[in-house]
Amino acid sequence: FPSHDISANSTSTEICNGESVTLTGSGAVSYVWDNGATNGVAISPVSTTTYSVEGTDAKGCKNNATIIVTVNALPIVTASASKTTACFNDPVILTGGGATSYTWNKGQLNGVSFKIQKTETYTVTGTDGKGCTNTANVTVNVNSLPIVKANATSLEICKGATVTLTGSGATSYSWDNGVTDGVAFAPTITKEYKVTGTDGN
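To start, this report covers the structure provided alongside it. All values reported here derive from a predicted model rather than from experimental measurement. (Residues numbered from 1 in each chain as written. Predicted model: local features only at pLDDT ≥ 70, side-chain atom pairs only at ≥ 80, totals over all residues. Heavy atoms only, no water.)

1. Let's talk about the state of the cysteines
Stage number 1. One pass over the structure, following the stated rule, counts one disulfide.
Stage number 2. Put simply, Cys16 and Cys132 are joined by a disulfide, and their sulfur atoms are 2.1 Å apart. For the disulfide bridge between Cys16 and Cys132, the dihedral angle about the S-S bond is near -95 degrees, and by the sign convention the bridge is left-handed. One end of the pair, Cys16, is in strand β2 (residues 14-16); the other, Cys132, is in the loop between β14 (120-127) and β15 (133-143), and 116 residues separate them in sequence. Judged on exposure class, the residue Cys16 and its partner Cys132 are both buried. (Disulfide = S-S within 2.5 Å. Helix = DSSP H or I, 4+ residues; strand = E, 2+ residues; numbered from the N terminus. Buried < 20%, exposed > 50% of the residue type's maximum accessible area, 1.4 Å probe, protein only.)

What follows is the structure, encoded as structure tokens:
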């Protein structure tokens, strides 16, 4: 029979690596494919491949047809964080690379700052211009905040007397209103003093 009486068909002629296609012949009764393909059975080519099918009609006459299935490589996706060790409530920015668009599994927006609450591994799915996707992970470790206390040698003094303020629960301390941790001073009015303690992290 004439060559135009048989054709080679595929569910898709362009796929991403790892996806499958189903090859079928038409115009004959039985079909034999090369390159390990079986008529009507899904196959996952790992690279762009030309498939040929030989079709046989009811009279035993044979003819051939070919089809090319293009296989696109997956993007090499990267995941990064503006910091991989943070303190509770620190701002962190997650950024994907190697693709065109990115979706994070915890709902974060790519390149947009958020306040981190706990140690977490974040997975990004990157999609390239051909619709192929791949994933990458980044873990951000979150350290607990120190439990800081503000202490005073006395909470009530006479005017002209001195008091010493000290912080505890952290490593270093910074007071407002010009106070130095552990150094005596003489306040002139009743006032509230605030200390910020920073730990080893």
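Here the narrative resumes, following the displayed structure.
2. Topic: the layout of surface pockets
Stage number 1. Considered as a void within the structure, the largest pocket measures approximately 400 Å³ in volume.
Stage number 2. Taken together, 19 residues form the lining of the largest pocket, with Leu155, Ile157, Pro187, Lys191 and Tyr193 sitting closest to its centre.
Stage number 3. Counting residues per element, the lining of the largest pocket draws most heavily on strand β16 (residues 149-152), at three residues.
Stage number 4. A breakdown of the residues in the lining of the largest pocket according to their chemical character gives eleven nonpolar, four polar and four charged. (1 Å grid on protein atoms, 1.4 Å probe; cavity = no way out; pocket = protein on both sides within 12 Å on 5 of 7 lines; lining within 4 Å. Points joined across faces, edges and corners; volume = space filled by probe spheres on them. Nonpolar A, V, L, I, M, F, W, Y, C, P; charged D, E, K, R; others polar.)

3. A closer look at the packing of aromatic side chains
Stage number 1. One pass over the structure, following the stated rule, counts two aromatic pairs.
Stage number 2. Seen in terms of ring centroids, Phe114 and Tyr122 are 5.9 Å apart; in terms of plane orientation they differ by 70 degrees. Their pairing is edge-to-face.
Stage number 3. We classify Tyr122 as buried; its relative accessible area is 3%.
Stage number 4. With centroids separated by 5.5 Å and ring planes inclined at 70 degrees, the aromatic side chains of Phe185 and Tyr193 adopt a geometry described as edge-to-face.
Stage number 5. The class for Phe185 is buried, based on a relative accessible area of 19%.
Stage number 6. Judged by its relative accessible area of 21%, Tyr193 is partly exposed. (Phe/Tyr/Trp six-rings, centres within 6.5 Å; stacked < 30°, edge-to-face > 60°.)

Any functional reading would require information beyond the geometric quantities listed.
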